[in-house]
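Chains, contacts and geometry: an overview
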Amino acid sequence: RKGLPFSEAHNIIGKIIAYAETKNTKVSVLKLEVFRKFSKLFAEDIFKVLDAKRSVMLKKSMGSTNPLLVRQEIARWEKKLPLTPTLSPKGRGSE
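Residues numbered from 1 in each chain as written. Predicted model: local features only at pLDDT ≥ 70, side-chain atom pairs only at ≥ 80, totals over all residues. Heavy atoms only, no water.

The helix and strand tally for the protein chain stands at five helices and zero strands. N-terminal to C-terminal, the α/β element order of the protein chain is α-α-α-α-α. Out of the 95 residues belonging to the protein chain, those deemed buried represent 14%. Residue pairs at least 24 apart in sequence account for 19% of intrachain contacts in the protein chain once pairs closer than 6 positions are excluded. Entry remark: accessible area of the protein chain is about 8100 Å², with carbon and sulfur atoms responsible for 61%. (Helix = DSSP H or I, 4+ residues; strand = E, 2+ residues; numbered from the N terminus. Buried < 20%, exposed > 50% of the residue type's maximum accessible area, 1.4 Å probe, protein only. Contact = heavy atoms within 4.5 Å. Areas by Shrake-Rupley, 256 points an atom, 1.4 Å probe, with all protein chains shown as cover.)

Excluding glycine, residues mostly carry a negative phi; peptide bonds, for their part, are mostly trans. Even without a glycine there, the phi angle at Asn-24 is positive, about 55 degrees. Structurally, Asn-24 is set in the loop between α1 (6-22) and α2 (32-38). Taking relative accessible area as the criterion, Asn-24 reaches 73% and is therefore assigned exposed.

Following the criterion strictly, the structure yields three aromatic pairs and no others. Arranged with centres 5.8 Å apart and planes meeting at 65 degrees, the rings of Tyr-19 and Phe-38 form a pair that is edge-to-face. Of this pair, Tyr-19 sits in helix α1 while Phe-38 sits in helix α2, and the two are 19 residues apart along the sequence. For Tyr-19, a relative accessible area of 26% gives the class partly exposed. Centre to centre, the rings of Phe-35 and Phe-47 are 6.0 Å apart; their planes meet at 85 degrees, and the pair counts as edge-to-face. (Phe/Tyr/Trp six-rings, centres within 6.5 Å; stacked < 30°, edge-to-face > 60°.)

Our next topic: α1. Its 17 residues give α1 an end-to-end C-alpha distance of 24 Å, which sits within 8% of 24 Å, the value for a rise of 1.5 Å per residue. Taken as a whole, α1 has its buried residues at Ile-12, Ile-16 and Ala-20. Angular distribution of buried residues about the axis of α1 spans 80 degrees; they occupy a single face of the element. Exposed side of α1, more than 90 degrees from the buried face: Ser-7, His-10, Glu-21 and Thr-22 are the residues found there. Where α1 is buried, its residues touch α2. Positioned one or two residues after α1, Asn-24 has a phi angle of 55 degrees, which is positive. (Expected span 1.5 Å × (residues − 1). Arc of directions from axis to C-beta.)

This paragraph deals with the nonpolar core. A general trend in soluble globular proteins is that nonpolar side chains are found buried together. Listed in full, the nine residues of the largest apolar core are Ile-12, Ile-16, Ala-20, Leu-30, Leu-32, Val-34, Phe-35, Phe-42 and Ile-46. Not counting residues within four places of it along the chain, the set of residues in contact with Ile-46 comprises Leu-32 and Phe-35. (Core = buried A, V, L, I, M, F, W, Y, C linked by side-chain atoms within 4.5 Å.)

So, about the pattern of salt bridges. For side chains bearing opposite charge, pairing can occur when the charged atoms are close. According to the stated counting rule, one finds one salt bridge in the structure shown. Put simply, Glu-73 and Arg-76 hold a salt bridge, and the shortest N to O gap is 2.6 Å. Of this pair, Glu-73 and Arg-76 both sit in helix α5 (residues 67-80), three residues apart, roughly one helical turn. In this structure Glu-73 comes out as partly exposed when scored by relative accessible area, which is 29%. (Salt bridge = Lys/Arg side-chain N within 4 Å of Asp/Glu carboxyl O.)

Encoded structure:
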């Protein structure tokens, strides 16, 4: 996002995760100063990315986990696929 090639960003994140594991802590609780030891490009906005719900909502590419896109894809497939009987807990169709 900040002009860093994906492969470099991926490498940096891998190092941060390894660091957090050695400290037996979550990446989401690391201080900004720790992130900045790995790259000066880190700023306060890193904590928005580390919010799982917000991160999922920011994904906009086809096939992503964004709930809106998932609902749209389900609706698309519901129109294409024929309705089938649901299975009961015993594995039989709902007759």
